[in-house]
Each structure stands twice: as structure tokens, then as C-alpha cells.
Amino acid sequence: MNTTYQNSVKRVIIAGGGTAGWMTAAALSKLIGKSLDITLVESDQIATIGVGEATIPPIRTFHRLLGIDERDFMRATQATFKLGIQFENWRTANDVYIHSFGVTGRECWAGEFHHFWLKAQQLGIAEAFGDYCFELKAAQQQKFGFNEQNPINFAYHLDAIGYAKFLRVFAEKHGVKRVEGKIDKVSVDQATGFISSLSLDKGKTLTADLFIDCTGFRGLLIEQALHSGYEDWSHYMLCDSAVAMQTSPTEAPLPYTRSIAHDSGWRWQIPLQNRVGNGMVYSSSHLSKEQAEQRLRENVTGEPLNQPNHIRFRPGKRKQPWKKNCIAIGLSSGFIEPLESTSIHLIMTSIVRLMRLFPFDGVTQSATDEYNRKLGCEMDCILDFITMHYKVTQRDDSEFWRYCKQMDVPDSLAHKLQLFEDTGRVFLDEFDIFRVDSWTQVMLGQGLVPKQFHRIVDEMDQAELSRFMATIKNDVDKRLTSLPSHTEFLSHYLKQQ
Ligand SMILES: Cc1cc2nc3c(=O)[nH]c(=O)nc-3n(C[C@H](O)[C@H](O)[C@H](O)COP(=O)(O)OP(=O)(O)OC[C@H]3O[C@@H](n4cnc5c(N)ncnc54)[C@H](O)[C@@H]3O)c2cc1C
């Protein structure tokens, strides 16, 4: 079967200049740009979504791949360091835990650290689970710092508009041509089903071999022109709306994101150097737009710096994010919800996957299928992880939480939760971006306590277990004493060349 649809790919058009568009432009131009002619088209008439300011650690790998200087990037985007997310009021209406980017304790060949902790806790010789994690304790104490001897795992909070601007300069330096104009029409070749050109409002027509749809939720190319289809996940994810607002800072920036649950969703607080990003994420069936905005205004500290930005979204994934000669990257490929800051990460993995499968010699169905399969699996795993936060809760104080507690979840998640509850074992999927430490921190944080632990722990007698636990905790405490405050480190770090 001949499955190659067209000749070689030389000309690439990226439609849309938000975070997704400029990340794609930056990476393609820097890494495979010598073989390509890349144009990005964006419209000043259509604003970018303007949110998306919390990240997870692999963004640093992406920056290293591109050779981006960390200080330049942080200055341009008013970035702060992020050590994790503090979840408030998720398990009950009055509790706190942190999902940090760190490793908790030390694992042995047969079992992860939480098995040792579970037994130690039964014996009354354990401190809080988080006390055995350096990054988590640093976050709690608002400390931060690193050097070669003392590494730390972190990500950033960043200004989304500043990030796109920064990447634009980078991409243009590497040869990307930018065209300003509103795409009015997407022409599809009737014989092949391939996109042939984009017509702009200013009368210009752009042709290319490959089109990357970064037009956000509208999916102008992938959906409106190619009807790729959407798998709706709103039965797992009740939140379908958000309202965001920036405020002036009233305290030193925290080295973590705050996620504060409320009776119909949750609220975020993302500290940057010069301002705080705030937002209410909510279910429109349980809270009106006006109520959400009012609650946001009541809860922010600091002066509002802009008008509230109301956003509607539909949780789910694009059925075929790559179809014909069009690949959707960013919100056009689907959106779960912002709880664990996974969207910018998905942009990055999509770009890397596209580069690995890049159709230099023509689009093939096999490469298309492979791309779609992997992105689909990755999104399914993220869906499991995020759904867990809603499902595993003791909250039943509102209709919203009662639904979440009772709802059916994907079989894959039901299995992971049951396995942990029955045995303390954590199941990891090949495509799961969250590792054991993330699963245990959130499952325990949400109140899911296993009935058993791995009996390998019994190989240690109580004194030995007690020493083992104490050594790890002392090690964490020792590392923390020499750590400066986040603010101190940030200002010192950014002053250096
Ligand atoms: C409430 C909320 C909070 C979020 N928080 C996070 C977070 O903390 N962390 C995270 O990783 N992600 C987060 N996300 C997701 C994140 O915002 C996006 O992944 C990211 O901003 C990428 O968006 P985008 O570039 O795909 O789309 P957009 O920012 O919407 O950009 C679309 C681009 O397409 C252009 N365009 C559209 N139509 C046309 C046309 N007809 N002609 C020409 N140009 C056009 C626009 O001008 C714009 O440049 C959040 C999302 C939401 C909804």
C-alpha cells in the first residue's frame, strides 16, 4: 500500500503566534531550520489566550535543547522559580499538601520509599511524608537555590505574553518569517484532502507543504477546515470556564503555585517578579460568570492590573491532532484543564515528537498514526492524573464535589487507585509524564492510604527503620539550612551576567 501522500516538505506555515506558535517556530528554526522555509502568521486582531504561566521541570530541557540562556529568559518573562503546587482544601474543605517536583526519601530495589514511610508511620516513628523531600520542604520554607553540589528540581512561573515575545525574537533570529494578517480562508485540495493555502484578510495568499495549526481553541485548520473531531471529557472534568486577573504583588513571590479548591472548582495564584496571576477555574453548571468574577475579586490581594479575562473551554482531546498535512499543536490539539500545568509541556512534547517524525520526504499515514497514538496516550495519562484530584476527596459539601466523588473514572485510573489502595504499589504507564513521587504525593495528599505496604520493609527491624528515616530527614534538614530565601536567590541570580 502506498501511503506517502505528497512530495518532500520544505515550506512550513505555522498559523498562530501564541505560546504554541512561537515555541514551535523557535524549535523548528533552531533545530531543523536549515532544511526548511518557515513562516508564522498571526493576527493582532485576535488576542492570544493570555494565560498559561505555570510550567513543569522538563521546560528546562527544552530551553537547553534550544540553547536559551536561563537568565535572559527569566528577565524577559519576569519569571520566578517553581518547586511545585500547594493544594489547599482539596481533600477536605480545610487542609493543605504540596505536590513538589522533588523525590521523597530514598527507594530500594524492591520498594519505593512510601512503603518504608507507611510502616514507620504505623509504628509512630515517622514525620509527615513531605518532611523527607528536599524540594517540598524548601517550598514550605520559601527557600530556593542551587549549585553544582546542591541541585534542586524546579520549573518556572512566567509571563505568557512575555514568553511568546521572547521566543519570537529567538525564532526570527533563526530565520522564521513573520506575517501579520487574519486568516480568512483555509483552502483544501478536493482530490487529496490536503490544505493547499491560507488566504489573509489583506488579500495575501500563503502556500506551503506543511501547516501547523497553533490557532488555539478555534482549531482553524485542524477542525474548521479538516474536521478532525474531538473527544469530549467533560464527564470527568466538570470545570469548563475560567476568569483570570493580574494583581500587584503584596508579598515576596512564593516558589510554588497555589491551587485553592472552592465549592465549584479551584482558584490559582501564580507569583511573578512584578505581579501575581490569579484565576478562578469553575464549572459553569455550578457557578455563574458573575459569581466567579465576584469571588475572584473578593479573594485576590493587591490592586487589579487588568480587566478580568473570561475564558470558556471544553475539556478533551483532538481525535486526530495530525491529519493530512496539518498538525495541531497547543490548545488546537486539545485541553484537559490547567490544574497540573501540563499544556505547555504538551506543546513541547508535541514539537519534539513532530521533529522526530518530521515528514521531510512526504507525509505518510504511518508517521501520522504514530504521532497521534503517542500524543493520545500521553493525554490519557494526564487525564488520569488530573481526574484523581477530583475523584479522591473527602469533600461532599457541594453538588460539584458530590458529583466528583461519585463519578465513574477511566478504567486505567480506577485500576491505579485500586492497586495503590490494596497494595501500596504505583502503576506507571509508559506515557505517563508523572512519576512515582507525583502519584504518591497526590494520592496520599488527597487522602488515599494503602491497606498494605511491601513486606520488604520488614527486613529492617524497628531500630534500623528508625535510623533510616532519621538519616533521610536529617539530610533534608541539613541541605535546607544553607539555602537562601527564594527572593534573595532570585534577585542575586538575575543580577549576574
Ligand atoms: C484558564 C487556563 C489556564 C491555563 N494555565 C496554564 C498553566 O498554568 N500552564 C500551562 O502549561 N498551560 C496553561 N494553560 C494552557 C495554555 O494557556 C496554552 O497551552 C498556551 O497558552 C498555548 O496556547 P496557544 O498558543 O495554543 O493558543 P493562543 O494563545 O490562543 O494563540 C492562538 C494564536 O492564533 C492566532 N489566531 C487565531 N485565529 C487566527 C486567524 N484567523 N488568523 C490569524 N491568526 C489567528 C491568534 O492571534 C494567536 O496568536 C491554561 C489554559 C487556560 C484556558
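Above this text you will find the structure in question.
Read on for a plain summary of the structure. (Residues numbered from 1 in each chain as written. Predicted model: local features only at pLDDT ≥ 70, side-chain atom pairs only at ≥ 80, totals over all residues. Heavy atoms only, no water.)

Time to look at the overall build of the chain. Within the chain one finds 14 helices and 21 strands. Whereas a compact globule of 497 residues would reach a radius of gyration of roughly 23 Å, the chain reaches 23 Å, a difference of no more than 12%. Overall size of the chain, expressed as C-alpha extent along the three principal axes, is 75 × 55 × 50 Å. Total accessible area on the chain stands at roughly 20,800 Å², and carbon and sulfur atoms take up 47% of it. Across the chain, the mean location of the 55 positive side-chain charges is 4 Å away from that of the 59 negative side-chain charges. (Helix = DSSP H or I, 4+ residues; strand = E, 2+ residues; numbered from the N terminus. Rg over C-alpha atoms; globule rule 2.2 N^0.38 Å. Areas by Shrake-Rupley, 256 points an atom, 1.4 Å probe, with all protein chains shown as cover. Lys, Arg positive; Asp, Glu negative; His and termini not counted. Charge placed at Lys NZ, Arg CZ, Asp CG, Glu CD.)

What follows is about the side chain of Ser 241. Within the fold, Ser 241 resides in strand β13 (residues 241-247). What makes Ser 241 buried here is its relative accessible area of 1%. There is a polar contact of 3.3 Å between the side chain of Ser 241 and the side chain of Arg 312. With near-sequence residues (within four places) excluded, Ser 241 lies in contact with Met 280, Val 281, Tyr 282, Ser 284, Ile 311, Arg 312 and Phe 313. (Buried < 20%, exposed > 50% of the residue type's maximum accessible area, 1.4 Å probe, protein only. Polar contact = N/O pair within 3.5 Å; in protein donor to acceptor, adjacent residues only side chain to side chain. Contact = heavy atoms within 4.5 Å.)

Attention now moves to the sheet that holds strand β9 (residues 195-200). Ordered by their spatial adjacency, three strands build an open sheet running β8-β9-β10, and the pairing between neighbours is antiparallel. Both edges of this open sheet fall to β8 (183-188) and β10 (205-207), since each of them pairs with a single strand only. The average angle at which neighbouring strand axes cross in this sheet is 20°, direction not considered. The sheet contact formed by β8 and β9 spans five bridges and is antiparallel. Residue Val 188 lies in a different strand from β9, and its bridge partner there is Ile 195. (Pairing = 2+ DSSP bridges. Axes fitted to C-alpha atoms, helices over the stretch in contact; angles between N-to-C directions.)

This brings us to the site of the ligand. Neighbouring the ligand are 33 residues, the closest being Gly 17, Ile 46, Ala 54, Ile 183 and Ile 344. At 2.9 Å from an oxygen atom of the ligand is found a main-chain nitrogen or oxygen belonging to Gly 17. Considering the ligand on its own, with 1,000 Å² of exposed area, one finds that the protein chains cover 97% of that surface. Among the elements of the structure, α1 (19-32) and α8 (343-356) are those that each provide at least two residues to the shell around the ligand. The biggest single contributor to the shell around the ligand is α8, with three residues. Looking at the shell around the ligand residue by residue, the classes come out as 16 nonpolar, 13 polar and four charged. Each of two domains, domain 1 (11-80 + 157-235 + 315-381) and domain 3 (241-312), supplies a minimum of three residues to the shell around the ligand. (Near = heavy atom within 4 Å. Nonpolar A, V, L, I, M, F, W, Y, C, P; charged D, E, K, R; others polar. Domains from an automatic or database assignment.)

Helix-helix packing is characterised by the crossing angle of the two axes and by the distance between the axes. Contact geometry for helix α4 (residues 113-122) and helix α13 (residues 462-481): axes closest at 10 Å, N-to-C directions at 120°. Classified by the interaxial angle, the pair formed by α4 and α13 is oblique. Along this stretch, α4 crosses α13, giving a crossing that reads as left-handed. Taking contact as the criterion, the partners of Phe 113, Phe 116, Trp 117, Lys 119 and Ala 120 in α4 are, on α13, Leu 465, Phe 468, Met 469 and Ile 472. Looking at the contact of α4 with α13 residue by residue, the classes come out as eight nonpolar, no polar and one charged. (Parallel < 35°, antiparallel > 145°, perpendicular 65-115°, else oblique. Left-handed = near helix turned anticlockwise from the far one by under 90°.)

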